Amino acid sequence: MDTRQEAATVSRTGSRTPTFPFTALVGADELTSALLLSAISPEIGGVLVRGEKGTAKSTAVRALASVLPEQRVASECRFGCDPDRDEDCPDGPHEGAATTRPARLVELPVGATEDRVVGSLDLRRALGDGEAAYQPGLLADAHRGILYVDEVNLLHDHLVDVLLDAAAMGRNTVERDGVSISHPARITLVGTMNPEEGELRPQLLDRFGLTVHVAASRDPHVRAEVVRRRLEADLDPAGFAARFADAEAELTARLAAAREAVRRVALDERTLRTIARVCAGFDVDGMRADIVTARTAAAHAAWEGRDHVTREDIRAAALLSLPHRRRRAPFDAPGLDEDLLDRLLDEEPEDDPPGGGEEEPDGGDQPDEGPGEATDADPSGPAPSSTSSDDQPPTGPQSSADPTPDSPDESAEASESPPSPPAGTQPTPAGTAAATEPYRARRLELTGVGAGPTGRRSPALTPRGRVVGTHPAGHEPAGSPVHLTATLRASAARRAARTGPARVTGDDLRHAVTRGREANLVLLAVDASGSMAARKRMGEVKTAVLSLLLDAYQRRDRVGLVTFRGTGAELALPPTSSVDAAAARLAEMPHGGRTPLAEGLTEIARVVARERIRDRDQRALVVLVTDGRATAGPDALARAQAIADAWGHTAETVVVDCESGRFRMGLAADLAHRMGAEHIALEQVAASGLVEIVTDRTASRRSAA
């Protein structure tokens, strides 16, 4: 059974064990609020749930499906359309009998292909009957239900774009493989992600209607209640679900009423001006923030039983719709200044519209507190209210650290004169240099054609891209697209030879070889010893690393950081695409002590080997920043030279020579020669030049060839 069919089957039949009740969730008010509001008004555009592992993200999403009202569907419709609504369905008009079904939850795997998501040509009917028929995809299965994407940050960007388009427009349009169709796809899109595994691009973040940052509560009472309920549910799932059955039914009825009421909620001129003032005050780009905030405020008012939007509705909506839209760059901290939000909400409009002076700026009366304002442990149901400041997302790491005051910049050799500390210990840091503003990096593009994961960096054979040929029959990799022209040619050639049936058969299928771009691993190895301790030089190195991180973020590369100082080396930053985590690690990187060059080279080789085991197709480039000295441990220089002599095909490497002074020993140049690496002198590399060394390397190699 393929992924699409499996997901659809799960959504139709439900799980064999009862789902954890939505009303039994504890300590997740902001998460449940966002999910309910998006369910009330799917036009909001879905919910992005960010947070650490083990915070009930998936549990909450799956529980939401069980409280959504049942749906009337046209019995003969492939898309599950509402028979009482004109949805411009390809299977319409729906004049036959209608049936009732539970709301669907369709889960989208990270490895799903585009044809599984949007639908594609039905090959069975195309090859058997010669008919260009459409086979619905996951968007069709999720119509009027929930489409859940776990680890959405690991999904290919173009698929995220497709999902967000469908969530915003309510339709899925397919123009491919001879198929031209548009069908309804009103979905509640929910994506979850762990920011430590990489960020979504700001352009994609903006496409999600609401965002929530979830974290485990630090309150012992709340944590104890979470554990108690989880254990009870595991011990007796049916009994635990029965305890909350009445609360679940009440929540379902309230949700159905809110869906009907949201159409009648009034958004007057004063309310729209307030929303516009808030969005402009937070300096968000475009108009999507204003539209989403207005829709969310209306949904919140409908949930609270009001027919007009109040100040508290706008506040609750802004806390969910604006934080992720304030991130202009990867290093910007997420979150929202609630004091500024309150000031913007309390400001008087500059020009009141005619008849708009009867109301107070906050909407008049205090908002009602319905049964949804219950505490976490109240099983009556969560409330979509995000007014508490306790749930504000934590501030992200900064892109630079404050330099240590009064840190001396004396000669590097002075910091290497004391004897080495005992093995296994690190010396006290001599200082911490600060990086300056990162700059745009020119693209790093490796030579040759790789076969790594899809990205935007180096040429590679990828599952998607420009068609450059066909795979030999029977040797195509899984997931490769069908080459229709080549398939028809093969069928015509077979018929010309008068062998086999006259129609196209499975043996005639040909699959396309596509060429696109891959993501690469750039491993930066930085000598952070005393000989590199000049703060200006370390600041330049850190700035270059930040620039490479930013470039990798934009091109979906991974970047790792190895540092060596004192008596050993460490992987300061495991290969990642999360620039926030990378910026924090880099800002904290100290310098000083002796130079364990051999240990640094060993750690580099270990990281490259480990990453090659994890993904043997991903190509790596090592950028080694050092002066070539080796002063830590016995026979330090000889051990480093022996490792360099055996470097061979460990990884393509660039050695950036940071040796300074009137008299130079040429150790870095000798190291590069032994490693078979390219050698670049630091004098030829300004702060803006380190990245250019990496990116220009391809050009020089090609010219030499």
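Further up the page is the structure itself.
Every value quoted in this text rests on a predicted model; they were computed, and no experiment measured them.

A. Structural detail: the overall build of the chain. Scanning the chain from terminus to terminus reveals 22 helices and 19 strands. For the chain, the residues scored as buried account for 51% of the 705 residues in total. The long-range fraction of contacts in the chain, counting pairs at least 24 apart against all pairs at least 6 apart in sequence, stands at 79%. Carbon and sulfur atoms form 50% of the exposed surface of the chain, whose accessible area is close to 31900 Å².

B. Representation of the sheet that holds strand β10 (residues 188–193). One open sheet holds the five strands; their spatial order is β4-β7-β10-β1-β11, and the pairing between them is parallel. Each edge of the open sheet is held by one strand with a lone partner, namely β4 (105–108) and β11 (210–214). The mean angle between the axes of side-by-side strands here comes to 20°, regardless of whether they run parallel or antiparallel. Of the strand pairs in this sheet, strand β1 (residues 47–51) and β11 are connected by five bridges, and their pairing is parallel. Of the residues in β11, the one forming a bridge with V49 is V212. On the sheet, helix α3 (residues 57–67) packs against β1, β4, β7 (146–150), β10 and β11 and is oriented at approximately 170° with respect to β7.

C. Main features of the pairing of strand β17 (residues 620–626). Burial analysis of β17 places seven of its seven residues in the buried class, which makes it a mostly covered element. Bridging between strand β14 (residues 521–527) and β17 involves six bridges; their strand directions are parallel. Along β17, the bridge assignment pairs V526 with V625. Bridging between β17 and strand β18 (residues 652–657) involves six bridges; their strand directions are parallel. Considered in β18, the bridge of T626 is made with D657. Between the parallel elements β17 and β18, the chain passes through helix α20 (residues 636–645) in a crossover that is right-handed.

D. A look at the state of the cysteines. According to the stated counting rule, one finds zero disulfides in the structure shown. For C77, which is in no disulfide, the shortest distance to another cysteine sulfur is to C89 and amounts to 3.6 Å. Counting only cysteine sulfurs, C81 is the nearest neighbor of C89, a cysteine outside any disulfide, at a range of 3.5 Å.

E. Looking closely at the nonpolar core. Residues F22, L35 and L322 are the most contacted members of the largest nonpolar core, which totals 64 residues. At nine residues, helix α13 (residues 288–303) tops the list of elements feeding residues into this core. What L35 contacts, discounting residues up to four positions off in sequence, is F22, V47, A60, V61, L64 and V190.

F. Highlighting unusual backbone geometry. In this structure, P93 follows G92 across a cis peptide bond, with omega equal to 0°. As for its placement among the helices and strands, P93 is situated in the loop between β2 (71–74) and β3 (98–101). Even without glycine at this site, E151 takes up a positive phi of about 55°. Structurally, the position occupied by E151 is in the loop between β7 and α7 (157–169). One non-glycine residue, D283, adopts positive backbone phi at about 60°. When you line up the elements, D283 lands in the loop between α12 (269–281) and α13.

G. Seen up close, the pattern of salt bridges. Considering all chains together, one arrives at 27 salt bridges under this definition. Among the salt bridges present, the one from E611 reaches R558, with a minimum N-O distance of 2.7 Å. With E611 in helix α19 (residues 597–614) and R558 in strand β15 (residues 558–565), this pair connects stretches of sequence that are 53 residues apart. By relative accessible area, which is 21% here, R558 ends up partly exposed. Among the ionic pairs, E599 bridges to R639, the shortest N-O distance being 3.1 Å. Remark: R639 occurs in helix α20 and E599 occurs in helix α19; sequence separation between them is 40 residues. A residue is classified by how much of its surface remains accessible, and R639, at 29% relative accessible area, is partly exposed. Put simply, R311, E312, R315, E338, D342 and D346 are held in one network by salt bridges that share partners.

H. Structural view of the environment of G633. Along the chain, the position of G633 falls in the loop between β17 and α20. Judged by relative accessible area, which is 44%, G633 ranks as partly exposed. With 67 residues separating them along the chain, G633 and G566 place their C-alpha atoms 9.7 Å apart.

I. Spatial organisation of the sheet that holds β15. Spatial ordering of the open sheet is given by β16-β15-β14-β17-β18-β19, a layout of six strands whose pairing is mixed. Across the chains shown, the open sheet's two edge strands, defined by having one partner strand only, are β16 (568–576) and β19 (678–681). Taking the axes of each pair of neighbouring strands and ignoring which way they run, one obtains an average angle of 15° across the sheet. Here four bridges tie β18 to β19, and the two strands are oriented parallel to one another. Bridging across to β19, V655 finds its partner in H679.

J. Here's a closer look at the pairing of β14. With seven of seven residues buried, β14 is to be regarded as a mostly interior element. Residues of β14 alternate between two faces, with L521, L523, A525 and D527 on one and V522, L524 and V526 on the opposite face, all of them buried.

K. The arrangement of a nonpolar patch on the surface in detail. Among the surface-exposed residues, V449, L461 and V468 lie close enough to one another that they form a single nonpolar patch of about 240 Å² accessible area. Of note, V449 is situated in the loop between α15 (338–346) and β12 (454–470). When its relative accessible area of 44% is taken as the criterion, V449 is described as partly exposed.

L. The packing of α20 against helix α21 (residues 667–675), seen in detail. Running from amino to carboxyl end, α20 crosses α21 at an angle of 35°, the nearest separation of the two axes being 7 Å. Between α20 and α21 lies a crossing of right-handed hand. Note on element contacts: α21 touches α20 through L667, D670, L671, R674 and M675, opposite L637, Q641, A644 and D645. Within the contact of α20 with α21, the residues separate by chemical class into five nonpolar, one polar and three charged.

M. Highlighting the packing of aromatic side chains. Evaluation of the coordinates by the stated rule reveals two aromatic pairs. Ring geometry for F240 versus F244: centroids 5.0 Å apart, planes at 50°, classification tilted. Judged by its relative accessible area of 3%, F240 falls in the buried class. A connected cluster of aromatic rings, assembled from ring pairs, spans F20, F240 and F244.

N. Structural detail: the side chain of H511. Position of H511 relative to the elements: it lies in the loop between α16 (484–496) and β13 (512–518). Not counting the four nearest positions on each side in its chain, H511 is found in contact with G469, T470, H471, E476, S480, P481, V482 and H483.

O. Spotlight on α19. For α19, spanning 18 residues, the distance from its first C-alpha to its last is 26 Å, which sits close to the expected 26 Å at 1.5 Å a residue. All of the buried residues along α19 are L597, A598, G600, L601, E603, I604, V607, V608 and E611. Looking at the buried positions of α19, the neighbouring elements they touch are β14, β15, β16, β17, α20 and α21.

About the cut-offs
Residues numbered from 1 in each chain as written. Predicted model: local features only at pLDDT ≥ 70, side-chain atom pairs only at ≥ 80, totals over all residues. Heavy atoms only, no water. Helix = DSSP H or I, 4+ residues; strand = E, 2+ residues; numbered from the N terminus. Buried < 20%, exposed > 50% of the residue type's maximum accessible area, 1.4 Å probe, protein only. Contact = heavy atoms within 4.5 Å. Areas by Shrake-Rupley, 256 points an atom, 1.4 Å probe, with all protein chains shown as cover. Pairing = 2+ DSSP bridges. Axes fitted to C-alpha atoms, helices over the stretch in contact; angles between N-to-C directions. Right-handed = clockwise from strand over helix to strand, strands pointing away. Disulfide = S-S within 2.5 Å. Core = buried A, V, L, I, M, F, W, Y, C linked by side-chain atoms within 4.5 Å. Salt bridge = Lys/Arg side-chain N within 4 Å of Asp/Glu carboxyl O. Patch = residues over 30% accessible without salt bridge, like charges linked within 9 Å, V, L, I, M, F, W, Y side chains within 5 Å. Left-handed = near helix turned anticlockwise from the far one by under 90°. Nonpolar A, V, L, I, M, F, W, Y, C, P; charged D, E, K, R; others polar. Phe/Tyr/Trp six-rings, centres within 6.5 Å; stacked < 30°, edge-to-face > 60°. Expected span 1.5 Å × (residues − 1).

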